[in-house]
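# Structural overview for review
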Amino acid sequence: MLLRVSKFAAILLAMTALAACESMSGSKEGEVDSSAATTAPATTTDSSSTTGVSTGSGFQGNPLDDPASLLSNRAVYFDYNASEILGPDRPVIEAHGRYLADNASASVTLEGHADERGSREFNIALGEQRANAVRQLMALLGASASQIKVVSYGEERPAADGHSEAAWRLNRRVEIIYTSR
C-alpha cells in the first residue's frame, strides 16, 4: 500500500514539475502565449454554460462547443498494442479532466477501441486498458470516478475501414463522449 501511495505521489510531482516547465515556455513576462490553454473561466452569456478551458478566441458559450478549444478534440490515439498515452494527446485529456473537475454535473463515457489485428477478446481487453489509461489521467486532474464510465468495443466499431496502417491508426483510439454537460 505504501509503495502504491509513493508511486502516486511521484507521478503527481512529475506532472506538476512538467506543467511548471511548460508554463515557462519562452514567453516574456506580460506576453500571452496564444497556443497555451488556460484554466480561466470562459466568458459566457448562456446561464447553462460553465467554466472550462479558455482558448482566448472570444467564443461565448459552453467551452465544449468552442471549435478552437482542446475540448473540441474528442479522440485520443494509441500505438499498436499499447495503452500508453502519447505526448500530443496528453493536453487534450488534461483539458477534459480539468473540465470535469470544474463541472461536477458533467460526465463522460470513454469508449476504448482497437484495430482489427488480434483476437476479439484481446482487442476488447486492449480497448478497456486504453480507456482506463485516459480515465486515470482525468482522475489525477480532479475528475470524480462517478463522472467517468469506461466501455470497450475492441475492433467492433472501426472509425476507418481498410486493412492498412492508415486505417488501423485511426481505429486505435479512445473516444470521449459527454453524456451530460
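Residues numbered from 1 in each chain as written. Predicted model: local features only at pLDDT ≥ 70, side-chain atom pairs only at ≥ 80, totals over all residues. Heavy atoms only, no water.

### Brief notes about the pattern of salt bridges
- Inspection of the entire model under this criterion finds seven salt bridges.
- Asp115 is the partner of Arg172 in a salt bridge, and the nearest nitrogen-oxygen pair spans 3.4 Å. Pair noted here: Arg172 is in the loop between helix 4 (165-171) and strand 4 (173-180) and Asp115 is in the loop between strand 2 (107-113) and helix 3 (120-140), with a separation of 57 residues, a long-range link.
- Residue Asp115 is classed as buried on the basis of its relative accessible area, which comes to 4%.
- Linking Arg120 and Glu156 is a salt bridge whose minimum nitrogen-to-oxygen distance equals 3.6 Å. Of this pair, Arg120 sits in helix 3 while Glu156 sits in the loop between strand 3 (148-154) and helix 4, placing them 36 residues apart in sequence.
- Residue Glu156 is classed as partly exposed on the basis of its relative accessible area, which comes to 45%. (Salt bridge = Lys/Arg side-chain N within 4 Å of Asp/Glu carboxyl O. Helix = DSSP H or I, 4+ residues; strand = E, 2+ residues; numbered from the N terminus. Buried < 20%, exposed > 50% of the residue type's maximum accessible area, 1.4 Å probe, protein only.)

### With respect to helix 2 (residues 90-102)
- In this model, helix 2 (13 residues) spans 18 Å end to end at C-alpha, consistent with the 18 Å of a helix rising 1.5 Å per residue.
- Of the positions making up helix 2, those classed as buried are Val92, Ile93, Glu94, Ala95, His96, Gly97, Tyr99 and Leu100. (Expected span 1.5 Å × (residues − 1).)

### Things to note about the sheet that holds strand 2
- Spatial strand order, 1-4-2-3: four strands in an open sheet with mixed pairing. Looking at the sheet topology across the chains shown, the edges are occupied by strand 1 (75-77) and strand 3. Recorded for the sheet is a direction-independent mean angle of 20 degrees between the axes of neighbouring strands.
- Contacts between helix 3 and the sheet are confined to strand 1, strand 2, strand 3 and strand 4, with strand 3 contributing the most and set at about 155 degrees to the helix. (Pairing = 2+ DSSP bridges. Axes fitted to C-alpha atoms, helices over the stretch in contact; angles between N-to-C directions. Contact = heavy atoms within 4.5 Å.)

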